[in-house]
Amino acid sequence: MPQSTDLLQGTLDLLILQTLALEPMHGWGAAQRIQQLSKDVLQIGQGSLYPALYRLEYKGWIRSEWQITENNRRAKYYRLTQTGKKQLATQLAAWDRLSLAIASVLGRATEASS
Amino acid sequence: MISELLPRLRFLIFRKKRSELDEEIEFHLEQAISTRIAAGMDPAEARRQALIEFGGIEPTREECERQRPAWWIGTVIQDVHYAFRGFGRNLLFTISVLITLALGIGATTAVFSVVDRILFRPLPYADPTRIVSLGFVHSLERQEFVMGRFYVEWGKDQTPFSALAAQSTGVHNCDLVENDPMQLSCISFQASFLPLFGISPARGRNFLPEEDRPNGPPVAMISYGLWKGHYNGDPHILDRMINVDGNPARVVGVLPRDFQFPTLEAADIATPFALDAAIQQKVNGGFGDPERVFARLRPGVSLEQAYAQMQPLFNGDLKWFPPFAKNETHLSIRTLRDREMQEARPVAWILFGFVLAVLLIACANVAGLMMARGAGRQRELAVRSAIGASRGRLIRQALTEALVLSFAGGLAGLAIAQALVMVFVRLAPTGIPFVGKAHLDLRIAVFSALVSCLCGVIFGLAAALEKPGLAALNARASMSRNHAFLRRSLVTTQIAISIILLSGAALLLRSFTKIEEQNLGMQTGGVLTVKVALPWWRYNTNQKVMDFYLRLESSLRRLPGTRAVGMTDSIPPGGWESDFRYSDLAVQGKPRGIPGIGGTVVGRSVTPDYFRALNIPIVRGRNFADQDRTGDEKEVILSRLLAERLFPGEEPIGKRFLPDSVRGRGAIVVGLADNVKNSGLTEPSDPEMYTLRRSVSGDWDGNHLMVIVDSAMPVAAIEPWVRSEVASIDRTVPIEMEPLNQSVNRLADRPRFETTLLGFFALTGLVLAVVGLYGLIAFMTTQRTREIGVRMALGATRGNIQRLIAKDGLRMVLVGLAVGLGTAVAVSRMLKTLLFQVSIYDPLTYIAVPLLLSLVALVAILIPARAGTRVEPAVTLRAE
């Protein structure tokens, strides 16, 4: 199993928001999706996944409701709210700026931008 | 559907869905397990792996819980809950702290609300510290006054003041003549008066200069109370014509609601003072009318400079005075606060000092208790810290406890303060302004809340900041050395302070008993005084006045049980009396006295039965007789004091006064009466001269007489009879009745007030200090249980152990006593003005107080010391 990478502070919220932006999902699903998309690099521990979901819900960026899964099991699905969508856009923009900046510092920026 | 909804509703109502989170986690685990099974894993192994991967379920729960926006409130509630459990376990500690805090805060708050107006609150005028009261003072009038002539001159020539304004010497009775006449208080002041104080009327305007002169347009201002009360807040009050004493006046303004006259008198109607320079140089023998003058100091001019600058003007004025008056007349300039508060400020400062000392003792007590408890809890804190409580959490816990305590103490303190203020108001003597109106206000409540919070925070932190080290986990609870020293000094300080308080209170108590026990020279029990004020507009001649009183006298004499009915213009020992100068007395065949020397003599105009009614013995010669009342001779009776001064070594009976002395009467001395206390209860008595009030209309000036009834019947029984007798002569005459002992008692109100208050605070301080001492000894004894066990195992007797503990306590007491006594002797000088016939070095006080304190302290030491020796050596040693 590949070594999991520590997530940058605050990045988890962004990842969850991005994941939920595609479709409503339960906690397990979101964790799996992040793991898949990151090719198993990012493994979300439940110890931080659920607190993050609760935090986002308290902030009003996501909303939860109980639904029946495809194999007929009750599960709690989370979906993005309008505020959540706006928040996602802001955070993505901030992320782009940040990653670009870090890349420049590390000397790995594309030639075009230098 | 419904069955689905109901649990959801429950989640909504209850706290954030713990079971919902559980279900979510469960689902998560199921998914994890089923993926592993799908990948071909053995179910049991899959479950094991999933659980391992998931990690701790409980931390996750907690972490989710912590995301709640108001999560911290929950922990505060938890802390408070924990604090309450702790208090419940340690009830004695809790109650001691609460009582201490409540007493300290309550007493401080109450006293502060009383002295606030006297000492601290700025007077309700613009820039009040620059306003002064100025004028002459002499032996018969201690409040500054200025004669009109000099006021006019000062107005032209003075330099230190930017403004001067005069008002009438005081309020006078006046009648508001309307459909329903009512008696009010009137005052008059110049147009410059209100601007000097920076006051503008609540409605309307101030007097105009053209109104403030003789024969100007008749105008008046009325008080806010009169406007709201009598005129029901009439919006058209301005320009309304009112009739004062038969003179119409137009209302031009309403004074502000909280306006306070600089003399602290209450006036309903104000009229222009209408001072005229030309007139003032003619009236009253060229001196002009007396008035009260207030002035505003120019910027940068101090009180002393103003005094120095006014001195030449004053010296010029003195030339006008008759020679005898020069010596006893002085210039006086006082700040307005001194003028308003009179003698109240020293008392207020002493009271304030006392209560601060009590607060200090209380704080020391709380500190001591908190620290002792903190030491006792070191193990508990160490355990909590060891199982994961963070440092911040522990400090917060301690703070919460302290705040809960001080909040409760503060609440109880406010209740005590309210009760105390009610007591103060009940006891309030007339001499101290504003006490009668004292109440807790918001400012003071906030002040006390701050004090209580500060107490809590400081002492809570003191206990919490000590980091519970691992060492504390050991059974051997260590008591750090410097803390022990701190606690000892706290107790020593408490004892020292309470010695100071007790000595002060004891001095006052001694002085008060001397006041109460002194011989007044007359009887006060069973005597009823009746003050009859005849309306002057109907009793406008001396004849009518005399007829009324003589009829009243004879009808009162007929009442059953009456022993004597005396009539007089004044009654000792206090209150108004008609004084005159000793030097005015001229005896036939003797040189006149030197003017300005000899002070004052009390003159009283009485009927023969006055002496019988008050049981004042005639020590020589005879009393006035009933036939004297109709004779031509003018008889006088002297007090022994006066006779000894006028006729030392001579026979006073038969001596004559010249016709121009004794207020226009030549008179013969017929008797000597024993001395009666006549200048209040605490001042030395003045010599006294009784003139006979004969049944001649010329002797019946004025319309306010006092009738004294000495009866065999109880005073309460004859009161209604007297009332009906007066009514049967004239039912419109107002009368006031009071048993004489009651009015005499009231004269002692002020010393009683001071003594009660200071005594109460001194006792409070003593109780607190003793509680502190007891607590510390008890605490130290428990700390030393093992040591005591060892000592006893090695052969120490109980007596040895008791001595060991008591010695420790006694050392603190002795140091406290020494420090306290020294300070008390030094500080008691401040009490000097309050003491009556008691030296500030009163030996009895300085012997009794330390004795009392040592005795109480000994008990406080011995009880815990004895308890400490009830130790079974085997048990303690095994507890190691």
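The structure presented is a predicted model; accordingly, all values stated were derived computationally and were not measured.

Colleague: Can you lay out the overall build of chain A for me, pointing to particular residues and giving the numbers?
Modeller: Regarding its fold elements, chain A presents four helices and three strands. Ordered by position from N to C terminus, the α and β elements of chain A give α-β-α-α-β-β-α. For chain A, the residues scored as buried account for 38% of the 114 residues in total. Within chain A, contacts between residues at least 6 apart in sequence are counted, and of these 48% link residues at least 24 apart.

Colleague: Account for the overall build of chain B, naming residues and giving values.
Modeller: Broken down by element type, chain B carries 28 helices and 23 strands. Evaluated residue by residue, chain B yields a buried proportion of 50% over its 880 residues. Accessible surface, chain B: about 41400 Å² in total, of which carbon and sulfur atoms supply 60%.

Colleague: Explain the sheet that holds strand S3 (residues 74–80) of chain A to me, and be specific about the residues and the numbers.
Modeller: Residue and element names in this part refer to chain A. The three strands lie next to each other as S1-S3-S2, forming an open sheet whose pairing is antiparallel. If you trace the sheet from one side to the other, it starts and ends with strand S1 (25–26) and strand S2 (62–68), each paired once. Note: S1 against S3, two bridges, orientation antiparallel. Residue Met 25 lies in a different strand from S3, and its bridge partner there is Tyr 78. In the packing of helix H3 (residues 46–59) onto the sheet, contacts are made with S2 and S3, and the angle to S3 comes to roughly 55 degrees.

Colleague: Before we move on, could you go through the nonpolar core and cite the residues and values that matter?
Modeller: Core analysis: the biggest nonpolar cluster contains 102 residues, and Phe 189, Phe 193, Phe 197, Phe 424, Phe 761 and Leu 773 of chain B have the highest contact counts within it. Ignoring sequence-local partners within four residues, the contact set of Phe 193 of chain B consists of Ala 165, Ala 166, Gln 167, Phe 259, Phe 261, Pro 262 and Phe 294 of chain B. Counting 35 residues, the second largest nonpolar core, distinct from the first, contains Ile 16, Trp 28, Leu 53 and Ala 75 of chain A.

Colleague: Describe the pattern of salt bridges, and please don't skip the residues or the numbers.
Modeller: All names here are of chain B. Evaluated as defined, the whole model comprises 31 salt bridges over all chains. Close ionic contact of Arg 48 with Glu 45 constitutes a salt bridge, the shortest N to O distance being 3.4 Å. Of this pair, Arg 48 and Glu 45 both sit in helix H3 (residues 43–54), separated by three residues, roughly a single helical turn. For the salt bridge of Asp 628 with Arg 622, the shortest nitrogen-to-oxygen distance reads 2.8 Å. Among the ionic contacts, a cluster of salt bridges with common partners joins Glu 553, Arg 557, Asp 609, Arg 612, Asp 626 and Arg 629.

Colleague: So what's going on with the interface of chain B and chain A? Which residues, and what values?
Modeller: Contacts between chain B and chain A engage 23 residues on the former and 18 residues on the latter. A buried area of about 2300 Å², summed over both sides, lies between chain B and chain A, and 56% of it is on carbon and sulfur atoms. Glu 30 of chain B serves as the salt-bridge partner of Arg 73 of chain A, at 2.6 Å between the closest nitrogen and oxygen. The interface formed by chain B and chain A includes six residue pairs in polar contact (both at pLDDT 80 or more). Taken together, the elements giving at least two residues each to the side of chain B that touches chain A come down to helix H1 (2–13), helix H2 (18–38), H3 and helix H4 (57–66) of chain B. The greatest single-element share of the side of chain B that touches chain A, amounting to 11 residues, is contributed by H2 of chain B. The residue inventory of the side of chain B that touches chain A, partitioned by class, reads six nonpolar, five polar and 12 charged.

Colleague: So what's going on with the confidence of the model for chain A? Residues and values would help.
Modeller: Residue and element names in this part refer to chain A. Residues with a pLDDT of 70 or more make up 87% of chain A, whose mean pLDDT is 81. Mean pLDDT values over the elements of chain A span from 83, in H3, up to 89, in helix H4 (residues 82–105). Across residues 1–5 the pLDDT falls below 50, and counting only partners more than four positions away or on other chains, this stretch makes seven contacts in the model.

Colleague: Outline helix H22 (residues 715–729) of chain B, supporting the account with residue identities and numerical values.
Modeller: All names here are of chain B. With 15 residues, H22 extends 21 Å between its outermost C-alpha atoms, agreeing within 8% with the 21 Å of an ideal straight helix rising 1.5 Å per residue. Within H22 the residues assigned to the buried category are Val 715, Ile 718, Val 722, Val 726 and Ile 729. Viewed along the axis of H22, the buried residues span an arc of 80 degrees, placing them on a single side of the element. For H22, the exposed residues lying more than 90 degrees away from the buried face are Ala 716 and Ser 728.

Colleague: I'd like a description of the pairing of strand S14 (residues 562–568) of chain B, backed by residues and values.
Modeller: All names here are of chain B. In terms of burial, S14 is largely enclosed, as six of its seven residues are buried. Bridge count between S14 and strand S22 (residues 704–711): six bridges; the pairing is antiparallel. Its bridge partner being in S22, Thr 562 is matched across the sheet by Ser 711.

Colleague: An account of the confidence of the model for chain B is requested, with residue identities and associated values reported.
Modeller: Residue and element names in this part refer to chain B. Summary statistics for chain B give a mean pLDDT of 81 and a share of 91% for residues scoring 70 or more. Predicted confidence in chain B is weakest over H1, with a mean pLDDT of 44, and strongest over strand S7 (residues 219–222), with 93. Across residues 1–16 the pLDDT falls below 50, and counting only partners more than four positions away or on other chains, this stretch makes 11 contacts in the model. Overall, residues 475–479 carries pLDDT values under 50, and its contacts beyond four positions in sequence, including any with other chains, amount to nine contacts. Across the predicted assembly, pTM comes out at 0.69 and ipTM at 0.79.

Colleague: Can you tell me about the environment of Asp 808 of chain B, naming the residues and giving the values?
Modeller: Residue and element names in this part refer to chain B. Here Asp 808 is to be found in helix H26 (residues 798–827). The spacing of Asp 808 and Ile 777 is 31 residues in sequence and 8.5 Å in space, taken between C-alpha atoms. Setting aside residues no more than four positions away along its own chain, Asp 808 makes contact with Arg 488, Met 780 and Arg 784.

Colleague: Explain the side chain of Asp 710 of chain B to me, and be specific about the residues and the numbers.
Modeller: Residues and elements named next belong to chain B. Among the secondary structure elements, Asp 710 is positioned in strand S22. A polar contact is formed between the side chain of Asp 710 and the side chain of Gln 523, at a distance of 3.3 Å. Contacts of Asp 710, omitting those with residues within four sequence positions, involve Gln 523, Gly 526, Val 527, Gly 561, Thr 562, Arg 563, Ala 564, Arg 612 and Ala 613.

Colleague: So what's going on with the environment of Val 601 of chain B? Which residues, and what values?
Modeller: Residue and element names in this part refer to chain B. Mapping Val 601 onto the fold places it in strand S16 (residues 600–606). With relative accessibility at 0%, the residue Val 601 sits in the buried group. Val 601 sits 17 residues away from Asp 584 along the chain, and the two C-alpha atoms are 9.5 Å apart. Setting aside its immediate chain neighbours within four residues, Val 601 contacts Ser 578, Asp 579, Phe 580, Arg 581, Tyr 582, Leu 585, Leu 642, Pro 687, Glu 688 and Met 689.

Colleague: Give me unusual backbone geometry: which residues, what numbers.
Modeller: Glycine aside, the phi torsion of most residues is negative, and most peptide linkages are trans. With an omega of 5 degrees, the peptide bond running from Pro 572 of chain B to Pro 573 of chain B counts as cis. Here Pro 573 of chain B is to be found in the loop between S14 and strand S15 (578–581). In the Ramachandran plot, Asp 40 of chain A falls in the positive-phi region, its phi being about 65 degrees despite a non-glycine side chain. Relative accessible area serves as the criterion here: at 31%, Asp 40 of chain A is assigned to the partly exposed category. You will see that Asp 127 of chain B, though not glycine, has its phi angle at about 45 degrees, which is positive.

Rules behind the numbers
- Residues numbered from 1 in each chain as written.
- Chains lettered and ligands numbered in written order.
- Predicted model: local features only at pLDDT ≥ 70, side-chain atom pairs only at ≥ 80, totals over all residues.
- Heavy atoms only, no water.
- Helix = DSSP H or I, 4+ residues; strand = E, 2+ residues; numbered from the N terminus.
- Buried < 20%, exposed > 50% of the residue type's maximum accessible area, 1.4 Å probe, protein only.
- Contact = heavy atoms within 4.5 Å.
- Areas by Shrake-Rupley, 256 points an atom, 1.4 Å probe, with all protein chains shown as cover.
- Pairing = 2+ DSSP bridges.
- Axes fitted to C-alpha atoms, helices over the stretch in contact; angles between N-to-C directions.
- Core = buried A, V, L, I, M, F, W, Y, C linked by side-chain atoms within 4.5 Å.
- Salt bridge = Lys/Arg side-chain N within 4 Å of Asp/Glu carboxyl O.
- Buried area = accessible area lost by both parts, 1.4 Å probe.
- Polar contact = N/O pair within 3.5 Å; in protein donor to acceptor, adjacent residues only side chain to side chain.
- Nonpolar A, V, L, I, M, F, W, Y, C, P; charged D, E, K, R; others polar.
- pLDDT = per-residue confidence, 0-100.
- Expected span 1.5 Å × (residues − 1).
- Arc of directions from axis to C-beta.

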